[in-house]
Amino acid sequence: MDMEAGLQEHVAFHLTGRRPGAGLEAVDQFDLRPALLAGYRDLTRLRYDFPLVLVSDTPADRTCVQSLSGIVDAVVHEIAQGDDGDRLTRHALRLEQKIRAAVAAGASGSLAALWNKAANQLAAQGDDLLRDSLKRARAALKVDGNVVDCGKTTPTRLLTHAWAAVQEAKSRRAREDLGRLIQKLSDILRVDFAHSKAGRSADSLKAAVGAAHAEVFDFVAMSRILGKSSADAALPAGRRRRIEQLLTALKSQRFFSAPPGTDTAAGGVQPYPFLFDNCASALAAYRERLPKAVELARAIAIAELEIEAQYSEARHDALFAEFGADGLDAQDMARFPDYLVCVGAARLQGAENDTLMEILSAGLPMKVLVQTDDILDDSGVGGDAHLAFGLRSKQLANMAIGLNDVYVLQVSGSHLYQFRERVLRGLAGTGPALFSVYSGAGGKTGDLPPYLNAAAAMESRAFPAFTYDPAAGANWAARFSLEANSQVDSDWPVQRFAYEDENHQRVATDVAFTLIDFVACDRRFAKHLARVPRAKWNGSLIPVGESLGHEVQGMPEKVPCILMVDRENLLQKVLVDDKLVRAAQRCRDAWHSLQELGGIHNSHADLLLARARKAWEAQEQKAAAVAAPQPAPAAAGQAAASAAAPAAAAAPAEPEAAPSTDDAYIESARCTTCNECTTINNKMFAYDENKQAHIADPNAGTYRQLVEAAESCQVAIIHPGKPRNPNEPGLEELLKRAEGFR
């Protein structure tokens, strides 16, 4: 009786989200976290990607961002070679842990400063051997840069640093080209001046020789001699004017810093800034600067012709008069710096969101970081009855992918280091790029650090990582990738979880990490959870991962729960209400859509495979029939007898009786493998070895599901029959709908 009452209490909470009595407890007071996160209480004692070092003065490759662990590994590899290698390794790892703990506590600055401070603190408490290890480790440290932990500022700082490295490489090439053009054009003018009367004057010759030898030469006589022997080969006035204008344009441009040693005509003008914190300002700056960009691109193109003496006024004046009338093409635009916009997802409202889509759809040279700090901030679209988690970020990434030529990267802040090469690839590309990053720093998860929160979002499919690279190939298989996600073939990642039971015995079980585990970290959604006291644990509690595998109609006999641990790491079972379960089902369905884009469990591929298998089987049967031995020819008398035999001998067998219209059935031979029925209920409907549907268990679902499957079937081969449960709600309407499928 107590067990039945407990089940009713559990079911009541699951269906309503209300605790009807004192048997269930609110989770707020217990400081709970998902059981699979129990081993990550103190991240400072673990070696993982963070903190990161934004390395100074490095090329735009993977070395511009390095992990502290990787740097320490390199130091150990260099110094720990002899008999004292174990001691040096141990002390270096101790130093690393000291730095990691300091950064987690809020310390900031360069790696060198943090390294020195941590080493001094350890040395003050250690012996000579420790001090020797620390000294040798410091001597082997070859890199420096600002240190960042996983937090709210990490996405912006990392993207800005990587973008700056990419732009510096581009600017270096541009400065070299500009310097070369300025030098060559200046040489043309200097040579022209040297051949002019002014250039051959006594004063000019004296200035060219210099004051040190001014008394040795008679510059007046030299000028007279050169004037008689040199023909006047001055540049045409039009070409001189054109070269002077080119030099003015090249020296006064503000897209790149001036080449070293260049005497700028604008008195050392500052380059344009290309880093913005909103889309509207970035787009306005781009439009304002576009005429100047066209002018500079035109000047570069003409200058290249001039230094080769290939410019023809008759042929080129009209051509360059129209240069850039419709803007710049991709090749010309690739010369210029890319814009970087770092904006918070909360600011992408109304006009700002429209501006972002205008930037991306127009193919402008802009890289946009959209940082989301809170993906569980319910949009309110569905009200309290429909939790729509992460709606904005999903819409944004999907719209960007739909534009077809935008580089799109979605990733949690916890995995930015692992995705550094993809980040650099997007920053180095010639077109627009969207980086959608979840920082994990929403501030609603208690003492759960941003790194774990961000990692949990990716693990639970709430914020899956993916890349869409339009330059990677001509099809989706080349362009779209989901491979960085855990157990990408599965609905939810499943991990082995071991704990000690009340009898001090080790128990190990597989636990799925679902959206509900991620949501359970956020105290705003505690009302959707209820702790079950240990005395009321019973067989009616099933893991939520198992519950999500099938849809329950009517009154459930099992109630979904998740495993959590309290601050003392004691195992708890926590009930989940139906709203969270439905949110998890929608999250799973969205993941299925991404899987299909990534070529995983692709329904179109499955359909083609089924058709190919069916065609192959038909061909095999035909080949077998042809290869079968034929009967020997009959004698004449036998042939006549056969001809006279009653026709009834060859009459076909009686047809099989049609299935009763009371029983549900499927005309499996006509199935096209469209997945419509199995999507509705994959327990009731299943595929046979030929990938054709049949009713596997008519009791595994409801009559409503049978009717809905019949209505959604593309070839109308599902026959619902009559309902098995006469008490199912809405039967009168369902029977009318089923009439057309008898």
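Look up: the structure comes first, before these words.
All of the points below concern the structure found in this document. (Residues numbered from 1 in each chain as written. Predicted model: local features only at pLDDT ≥ 70, side-chain atom pairs only at ≥ 80, totals over all residues. Heavy atoms only, no water.)

1. Observations regarding the overall build of the chain
Then step 1. Within the chain one finds 25 helices and 21 strands.
Then step 2. Look at the contacts in the chain between residues 6 or more apart in sequence, and 70% of them connect residues 24 or more apart. (Helix = DSSP H or I, 4+ residues; strand = E, 2+ residues; numbered from the N terminus. Contact = heavy atoms within 4.5 Å.)

2. Considerations on the pairing of strand β2 (residues 52-55)
Then step 1. Along β2, one buried face is formed by L52 and L54 and the opposite face, lined by V53 and V55, is buried too.
Then step 2. By the bridge criterion, three bridges tie β2 to strand β3 (residues 65-67) in an arrangement that is antiparallel. Paired with L54 across the bridge in β3 is V65.
Then step 3. Sheet topology places β2 next to strand β4 (residues 145-148); four bridges connect them, and they run antiparallel. The residue bridging L52 from the neighbouring strand is V148, located in β4. (Buried < 20%, exposed > 50% of the residue type's maximum accessible area, 1.4 Å probe, protein only. Pairing = 2+ DSSP bridges.)

3. Details of the sheet that holds β2
Then step 1. Spatially, the three strands line up as an open sheet ordered β3-β2-β4, and their pairing is antiparallel. Lying at the two open borders of the sheet, with one neighbouring strand each, are β3 and β4. When strand polarity is set aside, the average angle formed by the axes of neighbouring strands in this sheet is 30°.
Then step 2. Along the sheet, helix α6 (residues 154-194) contacts β2, β3 and β4; its crossing angle with β2, the most-contacted strand, is approximately 30°. (Axes fitted to C-alpha atoms, helices over the stretch in contact; angles between N-to-C directions.)

4. Some thoughts on the environment of L46
Then step 1. If you trace the backbone, L46 turns up in the loop between β1 (33-34) and β2.
Then step 2. Judged by relative accessible area, L46 falls into the partly exposed class, the value being 30%.
Then step 3. Along the primary structure L46 and Q97 are separated by 51 residues, whereas in three dimensions their C-alpha atoms are 8.1 Å apart.

5. Some thoughts on the packing of helix α3 (residues 85-104) against helix α5 (residues 128-140)
Then step 1. It is at 9 Å that the axes of α3 and α5 come closest, and there the two elements cross at 75°. Classified by the interaxial angle, the pair formed by α3 and α5 is roughly perpendicular. Residues R87, L88, H91, R94 and L95 of α3 form the contact with α5, whose own contacting residues are L129, L130, D132, S133, L134 and R136.
Then step 2. Across the contact of α3 with α5, the residue classes tally to five nonpolar, two polar and four charged. (Parallel < 35°, antiparallel > 145°, perpendicular 65-115°, else oblique. Nonpolar A, V, L, I, M, F, W, Y, C, P; charged D, E, K, R; others polar.)

6. Let's talk about the environment of L130
Then step 1. Residue placement: L130 occurs in helix α5.
Then step 2. Separated by 40 residues in sequence, L130 and R90 have C-alpha atoms that sit 9.6 Å apart.
Then step 3. L130 has contacts with H91, R94 and L122, leaving out every residue within four places of it along the chain.

7. A look at empty space enclosed by the protein
Then step 1. Under the criterion given, the structure shown has five cavities of 30 Å³ or more.
Then step 2. For the largest cavity, the calculated volume is near 90 Å³.
Then step 3. Lining the largest cavity are 15 residues, with C671, C674, C677, A693 and C713 sitting closest to its centre.
Then step 4. In this structure, the second largest cavity spans a volume of roughly 70 Å³.
Then step 5. Together, 13 residues line the second largest cavity, and D374, Y438, T445, N453 and D522 are the ones closest to its centre.
Then step 6. Looking at side-chain class alone, the lining of the second largest cavity contains four nonpolar, four polar and five charged residues. (1 Å grid on protein atoms, 1.4 Å probe; cavity = no way out; pocket = protein on both sides within 12 Å on 5 of 7 lines; lining within 4 Å. Points joined across faces, edges and corners; volume = space filled by probe spheres on them.)

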